[in-house]
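# Structural description and commentary
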Amino acid sequence: MRKVMIDCDPGIDDTLALLLAIKAPEIEVVAITTVCGNAPVDIGTQNVIKCLERLDRLDIPIYQGAKQPLKQPFISAQDTHGMDGLGETNIQITSNKTSEAQDAATFLAHTFAQKNDVSVIALGPLTNIALALQINPDMGQHMDRFVSMGGTYKSHGNCSPVAEYNYWCDPDAAAFVFDKLGKQIEMVGLDVTREIVLTPTMIEYCCQMDPDTGGFLRDITRFYVDFHWQQERILGCVINDPLPIAYFIDDDLCQGFTSYTAVETQGISRGQTVVDRYDFWQNAANSTIMTDVDARQFFKKFLTVLLNAQKETIETDLEKLQMG
Ligand code: RIB
Ligand code: CA
């Protein structure tokens, strides 16, 4: 089992990503760090606790991180994820689990004080990663892999014409990480995550297959589905964050190219990932930009793990129900 730390801003799709990562047999989630993003960081931490209670995994430590971006005023995405960050479900915490005393950036900086076999999958703004890198400039070289859900190459932005939310929310952190991490950034951006649409048919299928998990998934995505219909006339919801998890487990899932990428930090294109695919600037490549994804393959993995189902059953049903 490969060890991962997940930095996230739960968040509806972050929560689905945590369910996948913690239940997947191929990876071991050794810690979860929270960052301001979809919701204020304390709400994000509460939502991680709700997820760990659901999975009976209160053993996984949580380290709470940044309350606001490095420079920009904090702007959440609670219009999309609900004021509670979990689709206005207002699920109550039942345990006395809390986050650890150490903050996320200090924990991450110390974890990678020397080389180890742990990877980091970042599902939110990169504020914690940037703060940890300021403490420990060698952090990137000491981790195994770094995967980030964020950015976009050719697909339009989701919070400006050109920017994706995670990198728009804290463009200074994103720019710093792309400039200083010193580790290839495997960027799983909107070019591929937009292909991952959880449809009403799939949600109902989950409810039939596993009423408890399906019911939870239906409840937390309802608000998100409504938002997608109102904003983009999509019937369903784009679940961005489970894709980097599935890609980390099976990197054949996505195809892309290596490139030098920089992040704009201000002005009308704040948060834009400027991908120098044709090497105008002659800089060393710092990123792998994902451009293609096998969405059906993703849903096979996602549904098999989430529903504790047989792979063959999911394959047959995906075919028959023409899902994914
Ligand atoms: O732009 C999509 C990303 O921003 C996802 O990670 C979502 O959870 C939000 O953090
Ligand atoms: Ca997220």
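Since this is a predicted model, take the numbers as computed values, not measurements. (Residues numbered from 1 in each chain as written. Chains lettered and ligands numbered in written order. Predicted model: local features only at pLDDT ≥ 70, side-chain atom pairs only at ≥ 80, totals over all residues. Heavy atoms only, no water.)

### Digging into the overall build of the protein chain
Scanning the protein chain from terminus to terminus reveals 14 helices and 11 strands. For the protein chain, the C-alpha radius of gyration of 18 Å lies close to 20 Å, the compact-globule estimate for 324 residues. For the protein chain, the C-alpha atoms occupy an extent of roughly 50 × 45 × 35 Å along the three principal directions. Partitioning the contacts of the protein chain with sequence separation of at least 6, the portion at a separation of at least 24 is 80%. Here the protein chain has roughly 13100 Å² of accessible surface; of this, 48% comes from carbon and sulfur atoms. With 25 positive and 44 negative side-chain charges, the protein chain shows a separation of 2 Å between the mean positions of the two kinds. (Helix = DSSP H or I, 4+ residues; strand = E, 2+ residues; numbered from the N terminus. Rg over C-alpha atoms; globule rule 2.2 N^0.38 Å. Contact = heavy atoms within 4.5 Å. Areas by Shrake-Rupley, 256 points an atom, 1.4 Å probe, with all protein chains shown as cover. Lys, Arg positive; Asp, Glu negative; His and termini not counted. Charge placed at Lys NZ, Arg CZ, Asp CG, Glu CD.)

### Here's the deal with the packing of aromatic side chains
With the rule as written, the count across this model stands at 8 aromatic pairs. A ring pair is formed by Tyr 63 and Phe 107, whose centres lie 3.7 Å apart and whose planes are at 10°; its orientation type is stacked. One end of the pair, Tyr 63, is in strand β3 (residues 62-64); the other, Phe 107, is in helix α4 (residues 104-111), and 44 residues separate them in sequence. Neither Tyr 63 nor Phe 107 differs from the other in exposure class; each is buried. (Phe/Tyr/Trp six-rings, centres within 6.5 Å; stacked < 30°, edge-to-face > 60°. Buried < 20%, exposed > 50% of the residue type's maximum accessible area, 1.4 Å probe, protein only.)

### Quick notes on the site of ligand 1
Taken together, Asp 9, Asp 13, Asp 14, Asn 38, Leu 123, Met 149, Asn 158, Glu 164, Tyr 165, Asn 166, Asn 240 and Asp 241 make up the full set of residues near ligand 1. For ligand 1, an oxygen atom lies 2.8 Å from a polar atom in the side chain of Asp 14. Its free accessible area being 280 Å², ligand 1 has 97% of it covered by the protein chains. Taken atom by atom, the bulk of ligand 1 overlaps the largest pocket. Elements supplying a minimum of two residues to the shell around ligand 1: α1 (12-23) and α7 (165-169). Across the shell around ligand 1, the residue classes break down as 3 nonpolar, 4 polar and 5 charged. (Near = heavy atom within 4 Å. Polar contact = N/O pair within 3.5 Å; in protein donor to acceptor, adjacent residues only side chain to side chain. 1 Å grid on protein atoms, 1.4 Å probe; cavity = no way out; pocket = protein on both sides within 12 Å on 5 of 7 lines; lining within 4 Å. Sits in = over half its atoms within 2 Å of the grid points. Nonpolar A, V, L, I, M, F, W, Y, C, P; charged D, E, K, R; others polar.)

### So, the UniProt feature "domain: Inosine/uridine-preferring nucleoside hydrolase" (unreviewed entry) in the protein chain
When the UniProt feature table is mapped onto this chain numbering, "domain: Inosine/uridine-preferring nucleoside hydrolase" (unreviewed entry) sits at residues 4-300. The straight-line gap between the two end C-alpha atoms of residues 4-300 is 22 Å; of that span, 39% is helix and 18% is strand. (UniProt positions renumbered as here; feature names shortened; annotations may be inferred.)

### Quick word on the coordination of the calcium ion (ligand 2)
On the protein side, the calcium ion (ligand 2) has Asp 9 (OD), Asp 14 (OD), Asp 14 (OD), Leu 123 (O) and Asp 241 (OD) as donor atoms, found 2.3 to 2.6 Å from it. Taken in chain order, the donor set of the calcium ion (ligand 2) reads D-x4-D-x108-L-x117-D. Across the pair, exposure class does not vary: Asp 9 and Asp 14 are buried alike. (Donors = N, O, S within 2.8 Å, 3.2 Å for Na, K, Ca; no water.)

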